[in-house]
Amino acid sequence: MTGFARVDGHADGYAWTLEAKSVNGRNLDLRCRMPSGFDQLEAQARAEVPKTLARGTVNLTLSVTRTSTVSQIRINRELLAQVLELAREIEGAGAAAPRLDALLTVRGIIEPVEEDETEARERLDAALKKDLAAVVGQLAAARAAEGARLVTILNGHLDEIARLTDAAAACSSVQPDVLKEKLRAQVAALLDAVPTLSEDRLSQEAALIIAKGDVREEMDRLRAHVQAARDLLAEGGAIGRRFDFLCQEFNREANTLCSKSADVELTRIGLSLKASIEQLREQVQNIE
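In short, a report on the structure. Quantities reported herein were computed from a predicted structural model and do not represent experimental measurements. (Residues numbered from 1 in each chain as written. Predicted model: local features only at pLDDT ≥ 70, side-chain atom pairs only at ≥ 80, totals over all residues. Heavy atoms only, no water.)

1. Points about the overall build of the chain
Right, on to step 1. The helix and strand tally for the chain stands at 9 helices and 6 strands.
Right, on to step 2. Across the chain, contacts joining residues at least 24 apart in sequence account for 77% of those joining residues at least 6 apart.
Right, on to step 3. For the chain, the computed accessible surface area is about 16,800 Å², with 53% contributed by carbon and sulfur atoms. (Helix = DSSP H or I, 4+ residues; strand = E, 2+ residues; numbered from the N terminus. Contact = heavy atoms within 4.5 Å. Areas by Shrake-Rupley, 256 points an atom, 1.4 Å probe, with all protein chains shown as cover.)

2. Regarding the packing of aromatic side chains
Right, on to step 1. One pass over the full model with this rule turns up 0 aromatic pairs.
Right, on to step 2. Across from the ring centre of Tyr-14, 4.6 Å away, lies the NZ or CZ of Arg-66, which sits over that ring.
Right, on to step 3. The ring of Phe-38 carries Arg-121 above its face, with NZ or CZ at 4.2 Å from the centroid. (Phe/Tyr/Trp six-rings, centres within 6.5 Å; stacked < 30°, edge-to-face > 60°. Lys NZ or Arg CZ within 6 Å of the ring centre and 35° of its normal.)

3. A word on the sheet that holds strand β4 (residues 56–66)
Right, on to step 1. Spatial strand order, β1-β2-β4-β3: 4 strands in an open sheet with mixed pairing. At either end of the open sheet lies a strand with only one pairing partner, and these are β1 (3–11) and β3 (28–33). For this sheet, the mean inter-axis angle between neighbouring strands, taken without regard to orientation, is 10°.
Right, on to step 2. Relative to β4, strand β2 (residues 14–23) runs antiparallel, the two being bridged by 10 bridges. Each bridged residue has a counterpart across the sheet, and for Ala-15 the counterpart in β4 is Thr-65.
Right, on to step 3. Each of β3 and β4 is contacted by helix α1 (residues 39–52), which is oriented at about 160° to β3, the strand it contacts most. (Pairing = 2+ DSSP bridges. Axes fitted to C-alpha atoms, helices over the stretch in contact; angles between N-to-C directions.)

4. Regarding the environment of Ile-110
Right, on to step 1. Topologically, Ile-110 is positioned in strand β6 (residues 110–114).
Right, on to step 2. A C-alpha to C-alpha distance of 9.1 Å links Ile-110 and Arg-77, two positions 33 residues apart in sequence.

5. Remarks on the pattern of salt bridges
Right, on to step 1. Evaluated as defined, the whole model comprises 17 salt bridges.
Right, on to step 2. Ionic pairing is found between Arg-281 and Glu-278, a salt bridge with its closest N-O pair at 2.8 Å. In this pair, Arg-281 and Glu-278 both sit in helix α9 (residues 264–284), 3 residues apart, roughly one turn of the helix.
Right, on to step 3. When its relative accessible area of 31% is taken as the criterion, Arg-281 is described as partly exposed.
Right, on to step 4. Residues participating in the shared-partner salt-bridge network are Glu-217, Glu-218, Arg-221 and Glu-253. (Salt bridge = Lys/Arg side-chain N within 4 Å of Asp/Glu carboxyl O. Buried < 20%, exposed > 50% of the residue type's maximum accessible area, 1.4 Å probe, protein only.)

6. Observations concerning the nonpolar core
Right, on to step 1. Membership of the largest hydrophobic core comes to 28 residues, with the highest contact counts inside it found for Phe-243, Phe-250, Leu-273 and Leu-280.
Right, on to step 2. Ignoring any residue separated from it by four or fewer positions in sequence, one finds Phe-243 in contact with Leu-154, Ala-229, Leu-232, Leu-233, Leu-280, Val-284 and Ile-287.
Right, on to step 3. By size, the runner-up hydrophobic cluster in this structure holds 23 residues, among which are Trp-16, Leu-41, Leu-60 and Leu-128. (Core = buried A, V, L, I, M, F, W, Y, C linked by side-chain atoms within 4.5 Å.)

7. Focus on the packing of helix α7 (residues 216–235) against helix α8 (residues 240–260)
Right, on to step 1. Where α7 contacts α8, the two axes come as close as 10 Å, and the packing angle between them is 165°. Classified by the angle between their axes, α7 and α8 sit roughly antiparallel to one another. Crossing handedness for the pair α7 and α8: left-handed. Residue-level contacts link Glu-218, Met-219, Arg-221, Leu-222, His-225, Val-226, Ala-228, Ala-229, Leu-232, Leu-233 and Glu-235 of α7 to Arg-242, Phe-243, Leu-246, Glu-249, Phe-250, Glu-253, Thr-256, Leu-257 and Lys-260 of α8.
Right, on to step 2. Here the contact of α7 with α8 is composed, by residue class, of 11 nonpolar, 2 polar and 7 charged. (Parallel < 35°, antiparallel > 145°, perpendicular 65-115°, else oblique. Left-handed = near helix turned anticlockwise from the far one by under 90°. Nonpolar A, V, L, I, M, F, W, Y, C, P; charged D, E, K, R; others polar.)

Below is the structure:
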């Protein structure tokens, strides 16, 4: 969920830079740093950003500078008429007629007119809203590109989890013949220890022994979780929260597997499985 985007703009004597950065985060946390007087743009950002981004800490920064004062030119026609009348009088007296460019230099004939600041600010606000949409779109694209790279990494972890699950299922200690032999030995030990054990109690003890040694249910659920994770990756979109929950389910099954294990090899596989699941979970924190 990391990314960076920047948009530069200028219009009507203003220049601005709008930057958006995001880092990993469980929830969406939007932090805005804007000059005084741009509260409207911040409100717009808080309304629009959640429509595009679902997770991560997003820092939105705006800097605005005034590059020049935009003005228009107005001719004081009344004063110009007076100057022209005076020029004609001078020309009638035999003096040379003054040049037009000289007349225009007379103070007050050409006056600068300041543009209405309200109109300029409205155009600036409209341009900033447009650039806000652009910078959020760029940030989303950058995060999507990172997500595409993460898909390969996540699939690699899922492949390893599937491999370890198959290894656990193939472990000799969970094979039916081995389980039957172990059950016979444990039942015989019970009968030797408690010769008067009733049939009901013996059945209960045997059922407990079978339940403790049988990890086929955990294997089935781990395989189902792997498939569910692959389906999430294929689905795309904002899947981070659901994937995070799925990692918890992965870890729960791995813990159960280790607690049931009475075999060194199966325990070793279970611990490797937990390590792979933790690596998967760490990467899931990086997706939206």
